[in-house]
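As a plain string of letters, each chain reads:
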Amino acid sequence: MKTWVKIEGTKYHAKQTERELKRVAKLWRRRAQYRLKKGVGRGPINATGSLSGSMRLRWGMDGETPYADITPQVDYWRFVDAGVRGTVGPYPDRWGRDPDNPDRIFAYKDKKPPISAINMWIQQKGLQQRGEGGRFAKTTGMAFGIQTMIYTRGLRPTYFLSDTGAAIEQKYAQKIAEAYAQDLEHGLDQYWATNTPKE
């Protein structure tokens, strides 16, 4: 039982709420994945599919409050969502702010992005640079160029998770609350049926 209503210490399954949370989580994931695929904000962000594929559906209760969650299981999702400020500004206020902690700002200061990750991205994209005489050259020079560009310009945010989550919450919070009220009413009926003394 992932979702429940609690009455006098007894938990009753909140079927309507669970159904609504599951539907909302699926919709949120679909919209976030679409945003990554279409690249709203900065171009497609789905070279390997690992970010998109790591969004697992989760729903349940946080204390007495129902929740739905699809937070990706890769550590770099916050940088893709919020962006990273480069060394050359200025940047809009929201750019680079951690979605979970608005006081924290992601920015390159003295450490550049890892060259190994950029090389892997170049290989996955199938990018090749031509050197003198038209021959294919090593991708090392291209990787260093991309690294320097990211370091100075930063990474543009996509808000694939934070914006879609805010829109979903605004649109479906009332429906979840109504489902929870129905489950609470059903739980009360069950409670009274089992706790009313027989005459």
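For the structure itself, look to the data block above.
Take the environment of Ile70 next. Position of Ile70 among the secondary structure elements: in the loop between strand 4 (65-69) and helix 3 (77-82). Aside from chain neighbours lying at most four places away, what touches Ile70 is Ala25, Trp28, Arg29, Ala32, Met55, Arg56, Leu57, Arg58 and Leu161.

Remark: helix 4 (residues 115-125) packs on helix 5 (residues 140-153), axes separated minimally by 9 Å, with the N-to-C direction vectors making an angle of 120°. The handedness of the crossing between helix 4 and helix 5 comes out as right-handed. Residue-level inspection shows Ile115, Ile118, Asn119, Trp121 and Ile122 of helix 4 in contact with helix 5, the latter providing Met142, Ala143, Phe144, Ile146, Gln147 and Ile150.

Here the focus is the pattern of salt bridges. Using the criterion set out here, one finds 8 salt bridges in the structure. In this structure, Arg78 engages Asp98 in a salt bridge whose closest nitrogen and oxygen atoms are separated by 3.5 Å. In this pair, Arg78 sits in helix 3 while Asp98 sits in the loop between strand 5 (84-85) and helix 4, placing the two residues 20 residues apart along the sequence. The partner of Arg94 in a salt bridge is Asp163, and the shortest N-O contact between them spans 2.4 Å.

With that out of the way, let us pick up helix 1 (residues 15-38). For helix 1, built from 24 residues, the straight-helix expectation of 34 Å at 1.5 Å per residue is met to within 8% by its first-to-last C-alpha distance of 35 Å. Turning to helix 1, its buried residues number three or more, namely Thr17, Glu18, Glu20, Leu21, Val24, Ala25, Leu27, Trp28, Ala32 and Leu36. Packed against the buried residues of helix 1 are strand 2 (10-13), helix 2 (50-53), strand 3 (58-62), strand 4, helix 3 and helix 6 (162-195). Of the residues trailing helix 1, Gly39 is marked for its positive phi of about 75°.

A cluster of basic residues, Lys2, Lys22, Lys26, Arg30, Arg31, Lys171 and Lys175, forms a positive patch on the protein surface. Among the elements of the structure, helix 1 and helix 6 are those that each provide at least two residues to the positive patch. Looking at the positive patch element by element, the count peaks at 4 residues for helix 1. For Arg31, the position within the fold is in helix 1. What makes Arg31 partly exposed here is its relative accessible area of 33%.

Before going further, it helps to examine the packing of helix 1 against helix 6. Where helix 1 contacts helix 6, the two axes come as close as 8 Å, and the packing angle between them is 170°. With respect to helix 6, the axis of helix 1 lies roughly antiparallel. Two secondary-structure elements touch here, helix 1 through Lys15, Gln16, Thr17, Glu20, Leu21, Arg23, Val24, Leu27, Trp28, Arg31, Ala32 and Arg35 and helix 6 through Asp163, Thr164, Gly165, Ile168, Lys171, Tyr172, Lys175, Ile176, Ala179, Tyr180, Gln182 and Asp183.

Moving on to the packing of aromatic side chains. In this structure the tally under the stated criterion is 4 aromatic pairs. Ring geometry for Phe79 versus Phe106: centroids 4.8 Å apart, planes at 75°, classification edge-to-face. Of the two residues, Phe79 is situated in helix 3 and Phe106 in the loop between strand 5 and helix 4; the sequence distance between them amounts to 27 residues. Exposure remark for Phe79: the relative accessible area of 33% places this residue in the partly exposed category. Since its relative accessible area comes to 6%, Phe106 is described here as buried. Aromatic pair Tyr191 and Trp192: ring centres 5.2 Å apart, planes at 70°, arrangement edge-to-face. Looking at Tyr191, the relative accessible area reads 16%, which means it is buried. Geometry around Trp4 places Lys11 over its ring, the cationic atom sitting 4.3 Å from the centre. One cation-aromatic arrangement involves Arg94 over Tyr159; the distance from NZ or CZ to the ring centre is 3.7 Å.

Reading the values: rules and limits
- Residues numbered from 1 in each chain as written.
- Predicted model: local features only at pLDDT ≥ 70, side-chain atom pairs only at ≥ 80, totals over all residues.
- Heavy atoms only, no water.
- Helix = DSSP H or I, 4+ residues; strand = E, 2+ residues; numbered from the N terminus.
- Contact = heavy atoms within 4.5 Å.
- Axes fitted to C-alpha atoms, helices over the stretch in contact; angles between N-to-C directions.
- Left-handed = near helix turned anticlockwise from the far one by under 90°.
- Salt bridge = Lys/Arg side-chain N within 4 Å of Asp/Glu carboxyl O.
- Expected span 1.5 Å × (residues − 1).
- Buried < 20%, exposed > 50% of the residue type's maximum accessible area, 1.4 Å probe, protein only.
- Patch = residues over 30% accessible without salt bridge, like charges linked within 9 Å, V, L, I, M, F, W, Y side chains within 5 Å.
- Areas by Shrake-Rupley, 256 points an atom, 1.4 Å probe, with all protein chains shown as cover.
- Lys, Arg positive; Asp, Glu negative; His and termini not counted.
- Charge placed at Lys NZ, Arg CZ, Asp CG, Glu CD.
- Parallel < 35°, antiparallel > 145°, perpendicular 65-115°, else oblique.
- Phe/Tyr/Trp six-rings, centres within 6.5 Å; stacked < 30°, edge-to-face > 60°.
- Lys NZ or Arg CZ within 6 Å of the ring centre and 35° of its normal.

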